[in-house]
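# Examining the three-dimensional arrangement
Spelled out from the first residue to the last, the chains are:
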Amino acid sequence: KIYCRYKKQFEKTTALPRYINVAVVGLSGAEKEKGAVGVGKSCLCNRFMRLSSDDFKDDHNSLLSNSDFSGRVVNNDNFLYWGDVIKTSEEGTDYMFRVIEQTEFIDDSTFQPFCGVKTDPYIKRCVATKIESPEKLMYICRSQLGIEEKYEQKVLPPGEFSVDGFLCVFDVSVVPGRSIVKQLETVTNILTNIKNTKKPVVLVTTKNDKFNEAYVQEVQKLVSHSEFKKAIPIVETSAYLNVNVDAAFIALAHIIDRFKGRTKIVPYLESVKTT
Ligand code: GTP
Ligand code: MG
């Protein structure tokens with residue numbers, strides 16, 4: 001009996017973390033697509049991956065020079081590798097998250113998306129579940145580009161990066177130059193394409209510190225749409241205030257892991273009071 005107890009304890013302390021590969025997606029593109037600023041994919045990833053608040057930056061502009069686009073961090077891709085991080089869920093499971101952000105880089109001389117590599121439109125491309133990019137380096141911040149050797153260098157694990165699930169981002173703040181209709185249409189298309197991959201998805205609303213109530217309601221309507229038979233969980237976040245960011249990734253890990261318990265998802269206004 002005692003042996004069994006020790007064996008159990010030993011297994012618990014030496015258990016390897018569960019690997020969870022996540023792709024963060026959402027409206028992306030040139031200014032005419034996404035408006036004056038992005039929907040918050042990079043800030044969400046930054047907040048989740050880097051534990052120190054000194055490492056939170058909000059400038060992850062996708063406007064790049066040719067040389068930055070072809071450097072080892074961007075690696076001529078339209079996605080970023082944000083590295084890996086271990087997070088422990090409330091019930092005590094260690095999850096090792098590896099995160100990529102699917103975006104669209106824009107050439108700072110033409111203001112058009114880079115077209116070096118012929119690719120599918122974003123809504124189709126971003127749901128890829130098998131990803132490869134030899135020797136691609138982890139992205140940290142914009143000032144890293146061009147002087148990679150001055151920053152920590154972590155390589156995207158060689159071989160195929162297999163996406164286990166998606167976080168689909170929806171910005172609930174009002175952004176000049178972007179219509180809510182455009183964002184709803186794009187996110188609906190992305191969710192439909194994710195459904196076809198059969199991988200789990202969590203809808204993450206961003207910038208709730210500046211939310212517009214009408215947009216919040218639109219998102220609720222969207223996920224209860226009959227097309228998505230199984231309702232998609234919504235997690236309301238703010239990367240600025242670090243509210244519900246870990247909760248969004250853990251909620252996804254629970255679906256991937258077929259967690260039998262209850263996943264606690266606290267609404268933004270309630271969660272913000274306790275942080
Ligand atoms: P692209 O990759 O260029 O498509 O953009 P993105 O989706 O990665 O957006 P990004 O994270 O770069 O955020 C764009 C801007 O939105 C930031 O520079 C911030 O000004 C703002 N933003 C992001 N997160 C928050 C947030 O939690 N609260 C508020 N108020 N603003 C935010
Ligand atoms: Mg980005």
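The numbers attached to residues start from 1 for each chain and follow its sequence in the written order. Each chain gets a letter, beginning with A, and each ligand a number, beginning with 1, in the order they are written. Reporting in this predicted model follows two pLDDT cut-offs: at least 70 for local features of residues, and 80 or more for side-chain atom pairs to be given and counted; totals over whole chains, interfaces and linings ignore these cut-offs and use all residues. As a convention, hydrogens and water are excluded, and side-chain values are obtained from all of the structure's heavy atoms.

### Regarding the overall build of the protein chain
- Counting its secondary structure elements, the protein chain contains 9 helices and 10 strands.
- Radius of gyration (C-alpha) of the protein chain: 19 Å, near the 19 Å computed for a compact globule of 275 residues.
- Over its C-alpha atoms, taken along the principal directions, the protein chain stretches across nearly 70 × 45 × 35 Å.
- Each of the 275 residues in the protein chain was classed as buried or not, and the buried ones make up 47%.
- For the protein chain, restricting intrachain contacts to residue pairs at least 6 apart in sequence, the fraction spanning at least 24 positions comes to 74%.
- Surface accessibility in these figures is a Shrake-Rupley result with a 1.4 Å probe; residues are shielded only by whichever protein chains are displayed. Of the accessible surface of the protein chain, which amounts to about 14400 Å², a share of 53% is contributed by carbon and sulfur atoms.
- Counted charges follow a simple rule, with Lys and Arg positive, Asp and Glu negative, and His plus the chain ends left uncounted. Charge coordinates come from a single atom per side chain, which is NZ of Lys, CZ of Arg, CG of Asp or CD of Glu. Charged side chains of the protein chain number 38 positive and 35 negative; the gap between the two group centres comes to 7 Å. Counting from the N terminus, the helices are the DSSP runs of H or I reaching at least four residues and the strands are the DSSP runs of E reaching at least two. Radius of gyration: over C-alpha atoms. The globule rule applied is 2.2 Å multiplied by the number of residues raised to the 0.38 power. Note on exposure labels: buried denotes an accessible area under 20% of the residue type's maximum, exposed denotes more than 50%, and partly exposed covers the range between, all computed with a 1.4 Å probe on protein chains only. The contact rule is simple, with two residues in contact once any of their heavy atoms fall within 4.5 Å.

### Focus: the packing of helix α6 (residues 180-197) against helix α7 (residues 213-223)
- Running from amino to carboxyl end, α6 crosses α7 at an angle of 25°, the nearest separation of the two axes being 11 Å. Judged on the interaxial angle alone, α7 and α6 are roughly parallel. Crossing handedness for the pair α6 and α7: right-handed. In this structure, α6 uses Ile-180, Leu-184, Val-187, Thr-188 and Leu-191 to contact α7, whose residues at the interface are Tyr-215, Glu-218 and Leu-222.
- Residue composition of the contact of α6 with α7, grouped by class: 6 nonpolar, 1 polar and 1 charged. Each axis is a line fitted through C-alpha atoms, taken for helices only over the stretch in contact, and angles between the N-to-C directions span 0 to 180 degrees. Should an angle lie under 35 degrees it is considered roughly parallel, over 145 roughly antiparallel, and from 65 to 115 roughly perpendicular; all remaining angles are considered oblique. Handedness of each helix crossing follows the sense of rotation of the near helix against the far helix: counterclockwise by less than a right angle gives left-handed, clockwise gives right-handed. Residues are sorted three ways: Asp, Glu, Lys and Arg are charged, Ala, Val, Leu, Ile, Met, Phe, Trp, Tyr, Cys and Pro are nonpolar, and all the rest, Gly among them, are polar.

### Examining the coordination of the magnesium ion (ligand 2)
- For Na, K and Ca the donor cutoff is 3.2 Å, while for all other metals N, O and S atoms must lie within 2.8 Å; water is not among the atoms, so some sites may look incomplete. Within the first shell, the magnesium ion (ligand 2) binds the protein through Ser-42 (OG) and Glu-101 (OE), at distances of 2.1 to 2.2 Å. Here Glu-101 lies in strand β4 (residues 94-102) and Ser-42 lies in helix α3 (residues 41-49), a separation of 59 residues in the sequence.
- Residue Glu-101 is classed as buried on the basis of its relative accessible area, which comes to 2%.

### Brief notes about the packing of aromatic side chains
- Ring pairs shown here join Phe, Tyr and Trp side chains whose ring centres sit within 6.5 Å, with only the six-membered ring taken for Trp; geometry is labelled stacked below 30 degrees between planes, edge-to-face above 60, and tilted in between. The full count for this structure, using the stated rule, is 8 aromatic pairs.
- Each ring, one from Phe-48 and one from Phe-249, has its centre 3.6 Å from the other, and the planes form 5°; the classification is stacked. Residue Phe-48 is found in helix α3, and its partner Phe-249 is found in helix α8 (residues 245-256); the two are separated by 201 residues along the sequence. Each member of the pair, Phe-48 as well as Phe-249, is classed as buried.
- Aromatic pair Trp-82 and Tyr-139: ring centres 5.0 Å apart, planes at 85°, arrangement edge-to-face. Of the two residues, Trp-82 is situated in strand β3 (residues 79-88) and Tyr-139 in the loop between β6 (130-131) and β7 (161-162); the sequence distance between them amounts to 57 residues. As far as burial versus exposure is concerned, Trp-82 and Tyr-139 are alike and both buried.
- Put simply, the rings of Phe-48, Tyr-95, Phe-97 and Phe-249 touch in pairs and so form one group of aromatic residues.
- For a lysine, the NZ atom is tested; for an arginine, the CZ atom; a charge sits over a ring if that atom is within 6 Å of the ring centre and within 35 degrees of the ring normal. Cation over ring: Arg-47 sits above Phe-56, and NZ or CZ is 4.0 Å from the ring centre.
- The side chain of Lys-136 reaches across the aromatic face of Phe-79, ending 4.4 Å from its centre.

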